[in-house]
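# Per-entry structural report
Next come the chains, spelled out residue by residue.
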Amino acid sequence: MVTSINAFSAARLLRRLISALPGWKMVLKAAALGGLATVLRYNGASWGHVIVATVVVYAALSWKFVVIAVKTFPRDFRALTALIGLRTMLYRMRKNNSLVPAFFREQVSKHPHKVALRCDGRSWTFQEIDEYSNRVANYFYESGYKKDDVVAIFTESKPEFICLWLGLSKIGVVAALINFNLRSDSLIHCIRASYAKGLIYGSELIDAMRDIKMSLSKTMVLYCSGQYKNETLSAVHLDEKLHQSSSLPPPVVPNRVITDKLFYIYTSGTTGMPKAAIITHARFAYMSYGMYKMFGMRPDDIVYCTLPLYHSAGGIVGCGQTVLNGLTTVIRKKFSASRFWDDCAEYNCTIVQYIGEICRYLLAQPEKAVEKQHNVRMAIGNGLRPQIWNKFVTRFNISQVAEFYGSTEGNANIVNIDGKPGAVGFNSMIVPWAYPIRLALVNEDTGELVRDRRTGLCVMAKPGEPGELVGKIIRGDPTREFHGYVNTQATKKKVAHNVFYQGDTAFLSGDVLVMDECGYMYFRDRAGDTFRWRGENVSTTEVEGTVSRILELRDVVVYGVEVPGVEGKCGMAAIVDEQNNLDLVAFANKIKKELPSYARPLFLRLADSVDTTGTFKLKKTDLKKEGFNPDIVKDSLYFMDLKSGDFKELTKQIYNDICAGKIRM
């Protein structure tokens, strides 16, 4: 009893001291509690009394913290347990120097005849994938490809796509995974940016290859996968060569480590063309096994993947479960809202992948019995809007939404482990140091991180304040590394110094989030000159360059605008048309050829001039705010009629119909 009274007296004294020095609260709390424990033990108190007294004092000092701790402890404990499991796996991976092909080989040994992949009515067993990828490895090894050489892969989503990069990885060759929607300049750029010695293309993409053939290096070797159509490309018939190659394991390549490059995934930055993000063996394991552990996936789960395999979501989070953890993945080349639940029921899928748009498309479908007559227990992905979260879960009878946030290359990845509606993830308020990510305040005018004038360190956002998500970089820690891009200058732009303390480095996500008092984080906006449409990041600089070239170097400003009820932002272009002579029909045809569908401007604003001088950024902000409302915009406005494929005048009535969802964008 005396111990408890002394504890309360100490609490009152400490509270006065701490309130007088708010900047040292955490330090004083720790020192006070440590001092209290020492004094009590010195005076003969048992450890039981010490613990009780310490808890009482801490509660007296911060009741609000105690309430939050009690509320979030189950969530944090579950996440911490999964994080320890992930770190243990990565430690063993480093200790045994186990690369991704070795993990896959373990799955082959466990169940060689289990179905690994399904696509277009055909099933691939683990053994079949292993043998196919061995043929790939042996052929390219015998063709003279060596460790760290690069081969670009440009095919649609199919099992062969996985077999190709897996086979190349067995001999240390790095695959560059090219977006099959790219055409013309963007496609050429991605191939060149990878420094690839060879390029494997799917026969279904031969027209795109013909268009760029003359722009490729003369030393680059082309390989055609699928139905062989040689014609003017002079490509090697890869299927024929693989048929002649050995299906036995390839020769062992020495001096390989888990930080070796596995493949490149292209991602749009805030400016410029797509950048090749480096995915190492360790990062692949971290991403795929991390999702497996955090969301409680099981070896008998069957994943339904309609996302492109050149992206990290489909290629790592989805199919990575097959390669690393032995799950079965059902691949559908092209998403179909009408067939989605039929496929899930037919293939007995238990996990589905989504992006926000997929959820919206599914909800827009007429209701039918099969959408509840399935075994899907988990939907994993990102971008499920808070406004439709509960409706999606209820209508389709989904027991777990595994929402996550992260970039392909970044180390500031978070997960919504307990299905909090609308949250993209969380950070612990009890032990925030266990996963060093924070929201840093950003100057809205300049986009720069706000720094403390006294220390020079970043100022962190408080609950309710928006801030850019940053992640501390720790060399040698697979969960904290940032390997960046092939382009070193692009890598430097994503790294900030002196963020948490002097001399440290941190990854800049480029995204603004907001956190509540329990540590749940909610996506607010994408910083910089990139907007997201149809599940793809669109670089405005890239689209501006293409449109300007098409229009013979006219001044062009491209930006994203919000359409009511639609996920993301769609493209709008403000084009200088002083002579009023823009041929809209010809322009529409050209952008269809030059740009992938998700990057094409769907709204046009024809103006006498646009400001591209020193105040360009402010002008662009004004254009975004004005949007495509004809009551606000005085310039001529046009919209892309998706039915006809042509640009038509945007009248007030059409504007109202778009906002009401009567006209789909």
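Residues numbered from 1 in each chain as written. Predicted model: local features only at pLDDT ≥ 70, side-chain atom pairs only at ≥ 80, totals over all residues. Heavy atoms only, no water.

## Quick notes on the packing of helix α15 (residues 356–364) against helix α16 (residues 386–396)
In the contact formed by α15 and α16, the axes pass within 11 Å of each other and the chain directions differ by 55°. By the angle between their directions, the pair α15 and α16 is classed as oblique. In the packing of α15 onto α16, the handedness of the crossing is left-handed. Residues C359, R360, L362 and L363 of α15 lie in contact with α16, whose contacting residues are I388, K391, F392, R395 and F396. Class assignment of the residues belonging to the contact of α15 with α16 gives a composition of 6 nonpolar, no polar and 3 charged. (Axes fitted to C-alpha atoms, helices over the stretch in contact; angles between N-to-C directions. Helix = DSSP H or I, 4+ residues; strand = E, 2+ residues; numbered from the N terminus. Parallel < 35°, antiparallel > 145°, perpendicular 65-115°, else oblique. Left-handed = near helix turned anticlockwise from the far one by under 90°. Contact = heavy atoms within 4.5 Å. Nonpolar A, V, L, I, M, F, W, Y, C, P; charged D, E, K, R; others polar.)

## A look at empty space enclosed by the protein
Tallied over the full model, the rule gives 2 cavities of 30 Å³ or more. By volume, the largest cavity amounts to about 40 Å³. When the residues that make up the lining of the largest cavity are grouped by side-chain class, the tally is 2 nonpolar, 2 polar and 3 charged. There is about 30 Å³ of room inside the second largest cavity. In terms of lining residues, the second largest cavity is bounded by K147, D148, G172, V174, R256, D260, K261 and H281. Residue classes in the lining of the second largest cavity are distributed as 1 nonpolar, 2 polar and 5 charged. (1 Å grid on protein atoms, 1.4 Å probe; cavity = no way out; pocket = protein on both sides within 12 Å on 5 of 7 lines; lining within 4 Å. Points joined across faces, edges and corners; volume = space filled by probe spheres on them.)

## As for helix α21 (residues 652–659)
Within α21, the full set of buried residues consists of I654, Y655, D657 and I658. What you see down the axis of α21 is that its buried residues fit within an arc of 160°, all on one side. Where α21 is buried, its residues contact β26 (603–607), β27 (636–641) and β28 (646–649). Immediately downstream of α21, the backbone of G661 shows phi near 85°, a positive value. (Buried < 20%, exposed > 50% of the residue type's maximum accessible area, 1.4 Å probe, protein only. Arc of directions from axis to C-beta.)

## Some details on the sheet that holds strand β24 (residues 556–561)
Taking strand neighbours across the sheet as the criterion, the 5 strands line up as β24-β25-β26-β27-β28 in an open arrangement whose pairing is mixed. Looking at strand neighbours, the two that pair on one side only are β24 and β28, the edges of this open sheet. Averaged over all adjacent pairs, the angle separating strand axes in this sheet is 25°, with direction ignored. Pairing geometry for strand β25 (residues 570–576) and β26, over 5 bridges, is parallel. By the bridge assignment for β26, A574 is matched with R605. With respect to the sheet, helix α18 (residues 540–550) is in contact with β24 and β25, its orientation differing from that of β24 by roughly 135°. (Pairing = 2+ DSSP bridges.)

## Side note on the packing of helix α6 (residues 126–142) against helix α7 (residues 159–169)
Following both chains from N to C, one finds α6 and α7 inclined at 50°, their axes separated by 8 Å at the closest point. For the element pair α6 / α7, the angle class is oblique. When the axes of α6 and α7 are compared, the crossing they make is right-handed. Residues I129, Y132, S133, V136, A137 and F140 of α6 lie in contact with α7, whose contacting residues are E160, C163, L164, L166, G167 and L168. Taken together, the residues of the contact of α6 with α7 sort by class into 9 nonpolar, 2 polar and 1 charged.

## Structural notes on the packing of aromatic side chains
All chains considered together, the criterion is met by 23 aromatic pairs. For the pair F482 and Y485, a centre-to-centre distance of 6.4 Å together with 85° between the ring planes defines the contact as edge-to-face. For the pair formed by F482 and Y485, the shared burial category is buried. The ring centre of Y145 lies 5.5 Å from the NZ or CZ of K197, which sits over that ring. (Phe/Tyr/Trp six-rings, centres within 6.5 Å; stacked < 30°, edge-to-face > 60°. Lys NZ or Arg CZ within 6 Å of the ring centre and 35° of its normal.)

## Side note on the sheet that holds strand β13 (residues 378–382)
Spatial ordering of the open sheet is given by β2-β1-β11-β10-β12-β13-β14-β15, a layout of 8 strands whose pairing is mixed. The two strands at the open ends of the sheet, each matched to only one other strand, are β2 (122–125) and β15 (414–415). Bridge count for strand β10 (residues 302–305) against strand β11 (residues 328–331) is 4 bridges, and the pairing is parallel. Paired with V303 across the two strands is T329, which belongs to β11.

## What to know about the pattern of salt bridges
Here the structure, examined in full by the defined rule, presents 25 salt bridges. Measuring nitrogen to oxygen at the nearest pair gives 2.8 Å for the salt bridge that ties R605 to D635. Note that R605 is positioned in strand β26 and D635 in the loop between α20 (616–626) and β27, a separation of 30 residues in sequence. Connected via shared salt-bridge partners are R332, R339, D343 and E346. (Salt bridge = Lys/Arg side-chain N within 4 Å of Asp/Glu carboxyl O.)

## Structural notes on the nonpolar core
F140, W165 and F603 are the most contacted members of the largest nonpolar core, which totals 203 residues. Among the elements that line this core, the one with the most residues is helix α11 (residues 281–294), at 9 residues. Sequence-distant contacts of W165, defined by excluding residues within four places in its chain, comprise V100, I153, A175, L177, L262, F263, F284 and V323. Membership of the second largest hydrophobic core comes to 8 residues, among which are V470, A496, A506 and L508. (Core = buried A, V, L, I, M, F, W, Y, C linked by side-chain atoms within 4.5 Å.)

## Details of the environment of G290
Within the secondary structure layout, G290 lies in helix α11. Through-space distance from the C-alpha of G290 to that of M89 is 9.7 Å; in sequence the pair is 201 residues apart. The contact partners of G290, leaving out residues within four places of it in the chain, are L86 and A285.

## Examining the confidence of the model for the protein chain
Here the protein chain averages 88 in pLDDT, and 88% of its residues register 70 or above. Taken as a whole, residues 1–5 scores under 50 in pLDDT and shows 3 contacts with residues more than four places along the chain or in a different chain. (pLDDT = per-residue confidence, 0-100.)

## Considerations on the pairing of β10
In β10, alternate side chains face the same way, and those of I302 and Y304 on one face and V303 and C305 on the other are all buried. As defined by bridge partners, β10 adjoins strand β12 (residues 351–355) across 2 bridges and the pair is classed as parallel. Opposite Y304, over in β12, you have V352 as the bridge partner.

## Considering unusual backbone geometry
Trans peptide bonds make up most of the peptide bonds, and negative phi angles are found at most residues other than glycine. Positive phi values are uncommon outside glycine, yet N255 reaches one of about 60°. As for its position among the elements, N255 is in the loop between α10 (238–244) and β8 (261–267). Although it is not a glycine, N498 sits at a positive phi angle of roughly 55°. Its location among the elements puts N498 in the loop between β19 (495–497) and β20 (505–515).

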